[in-house]
Amino acid sequence: MAVTRRPTRRDVVRGAAAAAAAALACPSFAQGAPRVAVVGGGFGGAACARALRRLDAQIQVTLIEPNRTFTACPLSNEVIVGLRELPLQQFTYDKIAAEGIAVAPQAATKIDAQARSIGLADGTSLSYDRLVLAPGIDMRFDALPGYDEAASAKMPHAWKAGEQTLLLRRQLEAMDDGGLVVIAVPAAPLRCPPAPYERASLIAHYLKARKPRAKILVLDAKDNYSQQKLFESAWKTLYPDMIERISLSQGGRVTSVNPATNEIVTDFGNYTAAVANVIPPQRAGRIAAIAGTADRTGWCPIDPVTFASKLVPNIHVIGDACIAGAIPKSASAAAAQGKACAAAIVNAFAGGPVETPRLDGACYNIVAPGYGFSLKGIYQPKDDQYAETDVTTSPLDAPPDVRQREAEQAADWFKTLTGDTFG
Ligand code: FAD
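What counts and what doesn't
Along every chain, residues carry numbers that run from 1 in the direction the sequence is written. Given that this is a predicted model, residues contribute local features only at a pLDDT of at least 70 and side-chain atom pairs are listed and counted only at 80 or more, while totals for whole chains, interfaces and linings are drawn from all residues. Based on all heavy atoms of the structure, the side-chain values leave hydrogens and waters out of the count. Every residue is assigned a pLDDT by the predictor, reflecting its confidence on a scale from 0 to 100. Throughout, a residue-residue contact means that at least one pair of heavy atoms, one from each residue, lies within 4.5 Å. Strands here are runs of E lasting at least two residues and helices are runs of H or I lasting at least four, both read from the DSSP assignment and numbered beginning at the N terminus. The split into domains, and so the bounds of each, comes from an automatic or database assignment of domains. By buried area we mean how much accessible surface two parts lose on assembly, using a 1.4 Å probe and totalling the loss over both. Criterion for a salt bridge: a side-chain nitrogen of Lys or Arg within 4 Å of a carboxyl oxygen of Asp or Glu. For the purposes of these results, a polar contact is taken to be a pair of N or O atoms within 3.5 Å, where, inside protein, one atom must be able to donate a hydrogen and its partner to accept one; residues adjacent in sequence count only when each atom of the pair is a side-chain atom. Ten residues, namely Ala, Val, Leu, Ile, Met, Phe, Trp, Tyr, Cys and Pro, are considered nonpolar, four, namely Asp, Glu, Lys and Arg, are considered charged, and the remaining ones, Gly among them, are considered polar. Only C-alpha atoms enter the line fits that serve as axes; for helices the fit covers just the stretch in contact. Angles between N-to-C directions range over 0 to 180 degrees. Angles are sorted into four bins: roughly parallel if under 35 degrees, roughly antiparallel if over 145, roughly perpendicular if 65 to 115, and oblique for all others. The pairing criterion is simple: DSSP has to find at least two bridges between the two strands.

### Structural notes on the confidence of the model for the chain
With 93% of its residues at a pLDDT of at least 70, the chain reaches an overall mean of 92. In the predicted structure, residues 1-30 sits below a pLDDT of 50 and forms 73 contacts with residues beyond four places in sequence or in another chain.

This is the structure in structure tokens:
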């Protein structure tokens, strides 16, 4: 999923003018440069920190992220089936730090919005004028009976890339031919809505070559999903009789699991998996709730123009954690939101009005090496939410060279996005 923000005139705010205007607009800056803290160094947070610094070098930007290396999810389905290795997914913060951004290798554990202060895991604290939260997702380990953090060591979700990705890969490699792979898909909203079906496709590709008697069962808490016709057509052509999907109305919603037996229970049946990939319901990363920015849904309502929290002043929320209407939760959406949020903060410091963002999106899916398709959309705020104003999907009957080109474009997209964000 690639979403880019079109640069606007207002993005380029001269540092001195911004600092001067900020001193007038915000009395607390009179003593020094404005301080922006960004919590979370994933696609959203890293893009936002970098854009803030590039738009206004006067702003003191601190990026708070406990991991020294970021492991990206896009293309991680290829890692699961051995088409790619994990180090290609990993990026350091060295280049970000070299641009003058202070990188704090800590988890944020407390937010005091009144005092505008962040508590870090090492017991220290940090003050801010504006705070951007970009913590991504956490699994709701209380939402699916039987599925807690310990269960994920037996039934991996692989919905945060890293050790979980490798665990699922090892389980597939160790599985006997003829085994059943079950992928449990939660109801929306979830991180990267088409990724479970991309995963089913690539696992089918792996099994077809290595364990041709094995089958994949997708147990789905949804009836319909993004780019469904394209996936179904690809499955029919590439993997006939290998993938079965049971939708919500057919009884596909998983109601409980038993990690001791690898049993998965739905409204209408019980299945015993050789490999169980259980993707549980999700919510915004925990710090969003600690800050008071998450509502009862577990996600964070925002003003779509500035990404300002609707619940807590001086805090913005971007990326998977926020409620962004029609924009799917994706890496490129997170990065585009990070840039748009940075521009809004810089303009707020300068006392200027913010232009309405317009985000262009493209979503690529790889169903086999050299076989990709995409969905492209344009998103703009409408009625206090993001709406899709235009959308183009790959044609259903595209010839192989078009599918090949789209697979190549997906790889280029990843290089460009990660280069822009971390490189
Ligand atoms: P993340 O990138 O998850 O970053 C969050 C960061 O916050 C993490 O580094 C975390 O350590 C940090 N953090 C959390 N809590 C704290 C705290 N308390 N203090 C400090 N730091 C904290 N998207 C696409 O666009 N295209 C794809 O092809 C694609 N494929 C995908 C495939 C799979 C299998 C999956 C699971 C996802 C895929 N995605 C894809 C989605 C994409 O990975 C996410 O949407 C994206 O990473 C969201 O960015 P983010 O910045 O919101 O969160």
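### A short note on unusual backbone geometry
Across the junction of Ala 188 and Pro 189, the peptide omega takes the value 0°, indicating a cis bond. Here Pro 189 lies in the loop between strand 12 (180-185) and helix 6 (195-210). Phi is positive for Arg 116, which is not a glycine, with a value near 55°. Backbone geometry at Asn 262 places phi at a positive 60°, although glycine is not the residue there. Summarising the element assignment, Asn 262 is placed in the loop between strand 15 (254-258) and strand 16 (263-266).

### Some points on the domain arrangement of the chain
One frequently used descriptor of interface size is the decrease in accessible area upon assembly of the parts. Here the chain is partitioned into domain 1 (2-136 + 285-356) and domain 2 (140-281). The C-alpha-based centres of domain 1 and domain 2 are spaced at 32 Å. Between domain 1 and domain 2, a total of about 1,600 Å² is buried, with carbon and sulfur atoms accounting for 64% of that surface. Along the contact surface separating domain 1 from domain 2 lie 2 salt bridges. Linking domain 1 with domain 2 are 8 residue pairs in polar contact (both at pLDDT 80 or more). Ranked by the residues each element gives to the side of domain 1 that touches domain 2, the list is headed by helix 3 (residues 76-80), at 5 residues. Taken together, the residues of the side of domain 1 that touches domain 2 break down into 9 nonpolar, 5 polar and 5 charged.

### What to know about the side chain of Arg 169
Take Arg 169: it is sitting in helix 5 (residues 163-174). Among the polar contacts listed, one links the side chain of Arg 169 to the side chain of Glu 85, at a separation of 3.1 Å. In contact with Arg 169, other than residues within four places in its own chain, are Val 79, Ile 80, Gly 82, Arg 84 and Glu 85.

### Concerning the packing of helix 6 against helix 7 (residues 228-238)
Packing of helix 6 against helix 7 leaves a shortest axis separation of 11 Å and a crossing angle of 5°. Regarding the angle of helix 6 to helix 7, the classification is roughly parallel. Contact with helix 6, carried on its side by Tyr 197, Glu 198, Ala 200, Ser 201 and Lys 208, involves Phe 231, Trp 235 and Leu 238 of helix 7 and no other residues of that element. Of the residues that constitute the contact of helix 6 with helix 7, the class distribution is 5 nonpolar, 1 polar and 2 charged.

### Here we look at the sheet that holds strand 17 (residues 270-272)
Pairing between the strands of a sheet comes from backbone hydrogen bonds, and it takes one of two forms, parallel or antiparallel. The sheet built from 3 strands is open, its strands ordered 15-16-17 with antiparallel pairing. The strands lining the two open edges of the sheet, one partner per strand, are strand 15 and strand 17. For this sheet the average axis-to-axis angle between neighbouring strands, irrespective of direction, equals 20°. Judged from the 4 bridges that link them, strand 15 and strand 16 form a sheet pairing that is antiparallel. Within strand 16, the residue paired with Ser 256 across the bridge is Val 265.

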